[in-house]
Amino acid sequence: MINYGTVKRGATDCLLSDAGLPRQGAVKALCFDVQRTAATIGPVRSLLFVVNPRSGGRAGAWLLARLRERLTAERGMSIDDLALSDLARAVVDRGDKVAIVACGGDGTAAAVIEACWQVSPMRPVPVGTIPLGTGNDLARHLGWNPRRGGLAAHQLDHQIHALQVGALAGLDRWVLTGAGISQSFYNYLSLGADARISARFHTLRRDLPWMFRSPAVNMAIYGLTSLGEPALRINQLVLGLDVPAWTRAVVFANIASYAGGTRLSTRIRADDGWIDGFALGPGGAMGLAVGGLRRPRRIAHGAVVRFTLQAPVIVQFDGEPRRLQPGQYTIAHGGRARVIALPQ
């Protein structure tokens, strides 16, 4: 993987690869002047768009091209061509007059939010979303309507306007520590069957990218990936929590939307400093709780949650899979980000 850093050339900070070249396959060779972009922000909330071109099949690259046609290359940027911390640092002093819009899945949104929080923990740059991923749970939490939030010209215009006028909301930041890891998350941390399915999905998308042509196709592949998932006795794997014997997945949630629209609980708040843990039973990962097939049971609620893993396990942080080693773990509040809630 090419590491994109900031290369100083006179008065301009150009985001280039270590070899000094734009990333192969980029829509446009980009020499991004973050200071000049910051200077173009107007007196009302302006939007800078960071697009994951691999999200949503062809949707990410298509959206990036459309944004650059409508705006400029300096307002429509590929996440592959810049350091997110540099962008956040360049605009943080503009207060609420500017927001960064993450265009991609939940992983893309979490990366942008975390970069903004790291640059200014006390008052992070606000972040909005245009969802292009498979689950899009953060976007759902913030008011995105999948029936109206498409990428047709009129729908895109509606989303951009909504992001310009939407109210700012808090989004708690949570940090898992233990066994050689310290990892933040904003939506949820899950372990068990759902995380293993997510890991297989990510491997398929990496190895066979041509299969993932659209969000609808991606959702279908995700569902097929869940077939034949072997039973995993989570109650014997996770100690320190009251995990029922029928549990196949445990979710620690900061928002109510999970796995593409599953409503875990109506009592979850994303800005109250409390994390909620749920046990989920057998079933595919995408949305089956809505149909009553996977009714969540609350097993934890607190400002701090502790548990012990008896064996290595695959987990997912905001949809991105990782492996945890056996040991003791703590989930604790780690700050608060600012996000744009869409008008209802």
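Since we're looking at a predicted model, the values are computed, not measured.

The rules we used
- Within each chain, residues carry numbers counting from 1 in the order of the written sequence.
- Predicted model: local features are reported for residues with pLDDT of at least 70 only, side-chain atom pairs are reported and counted for 80 or more only, and whole-chain, interface and lining totals are derived from all residues.
- Based on all heavy atoms of the structure, the side-chain values leave hydrogens and waters out of the count.
- Numbering of helices and strands starts at the N terminus; helices are DSSP runs of H or I of at least 4 residues and strands are runs of E of at least 2.
- Classification of residues uses two cut-offs on accessible area relative to the type maximum, computed with a 1.4 Å probe and protein chains only: under 20% is buried, over 50% is exposed, and between them is partly exposed.
- Among the buried residues, those of types Ala, Val, Leu, Ile, Met, Phe, Trp, Tyr and Cys that are joined through side-chain atoms within 4.5 Å form a nonpolar core.
- To get an axis, fit a line to the C-alpha atoms, keeping to the stretch in contact for a helix; angles then go from 0 to 180 degrees between the N-to-C directions.
- Roughly parallel means an angle under 35 degrees; roughly antiparallel, over 145; roughly perpendicular, 65 to 115; everything else is oblique.
- Definitions for this section: a left-handed crossing has its near helix turned counterclockwise from the far helix by less than a right angle. A right-handed crossing has that turn clockwise.
- Residue contacts are defined here by distance: any two heavy atoms, one from each residue, within 4.5 Å place the two residues in contact.
- Under the scheme applied, nonpolar residues are Ala, Val, Leu, Ile, Met, Phe, Trp, Tyr, Cys and Pro; charged residues are Asp, Glu, Lys and Arg; polar residues are all the others, including Gly.
- When the centres of two rings from Phe, Tyr and Trp lie within 6.5 Å, Trp using its six-membered ring, the rings pair. Their planes under 30 degrees apart give stacked, over 60 give edge-to-face, and anything left gives tilted.

**Student:** I tried to follow unusual backbone geometry on my own but got confused; where do I start?
**Tutor:** A negative phi angle characterises most non-glycine residues, just as the trans form characterises most peptide bonds. In this model, A179 sits at a positive phi of 50 degrees, which is unusual for a non-glycine residue. As for its placement among the helices and strands, A179 is situated in the loop between β7 (167-178) and β8 (181-185). Exposure remark for A179: the relative accessible area of 41% places this residue in the partly exposed category. Phi at D318 takes a positive value of approximately 50 degrees, unusual for a residue other than glycine. Along the chain, D318 falls in the loop between β17 (313-317) and β18 (320-324). By relative accessible area, D318 is classed as buried at 3%.

**Student:** Help me understand the nonpolar core in this model?
**Tutor:** Burial of nonpolar side chains together is a common tendency in soluble globular proteins. Counting 31 residues, the largest nonpolar core has V50, I100, V112, I113 and L171 as its most contacted members. Among the secondary structure elements, those contributing two or more residues to this core are β3 (46-51), α3 (84-91), β5 (98-104), α4 (106-119) and β19 (327-341). When residues in this core are grouped by element, the largest group, seven residues, is from α4. F252, V305, V315 and I331 belong to the second-largest nonpolar core, a separate cluster that totals 26 residues.

**Student:** Sorry, what's going on with the packing of α3 against α4 here?
**Tutor:** For any two helices packed against each other, one specifies the crossing angle of their axes together with the interaxial distance. Where α3 meets α4, the axes come as close as 9 Å, and the angle between the chain directions of the two elements is 50 degrees. Taken together, the axes of α3 and α4 are oblique relative to one another. Note that α3 runs across α4; the crossing there is right-handed. Every residue of α4 that contacts α3 at L84, S85, A88 and R89 is listed here: A111, V112, A115, C116 and V119. The class makeup of the residues in the contact of α3 with α4 is seven nonpolar, one polar and one charged.

**Student:** Please explain the packing of aromatic side chains as it appears in this structure.
**Tutor:** Geometrically, a pair of aromatic rings is defined through the distance of the ring centres and the angle of the planes. Under the defined criterion, the tally for this structure stands at four aromatic pairs. Ring geometry for F252 and F307: centres 5.3 Å apart, planes at 15 degrees, overall stacked. Placement of the pair is F252 in strand β11 (residues 249-253) and F307 in strand β16 (residues 304-309), with a sequence separation of 55 residues. The residues F252 and F307 share a single accessibility class, namely buried. The interplanar angle of 20 degrees and the centroid separation of 5.8 Å between the aromatic rings of F307 and Y329 together place this pair among those described as stacked. Taken together, the residues span a long stretch of sequence, with F307 in strand β16 and Y329 in strand β19 at a distance of 22 residues. An identical accessibility class is assigned to F307 and Y329; each is buried.

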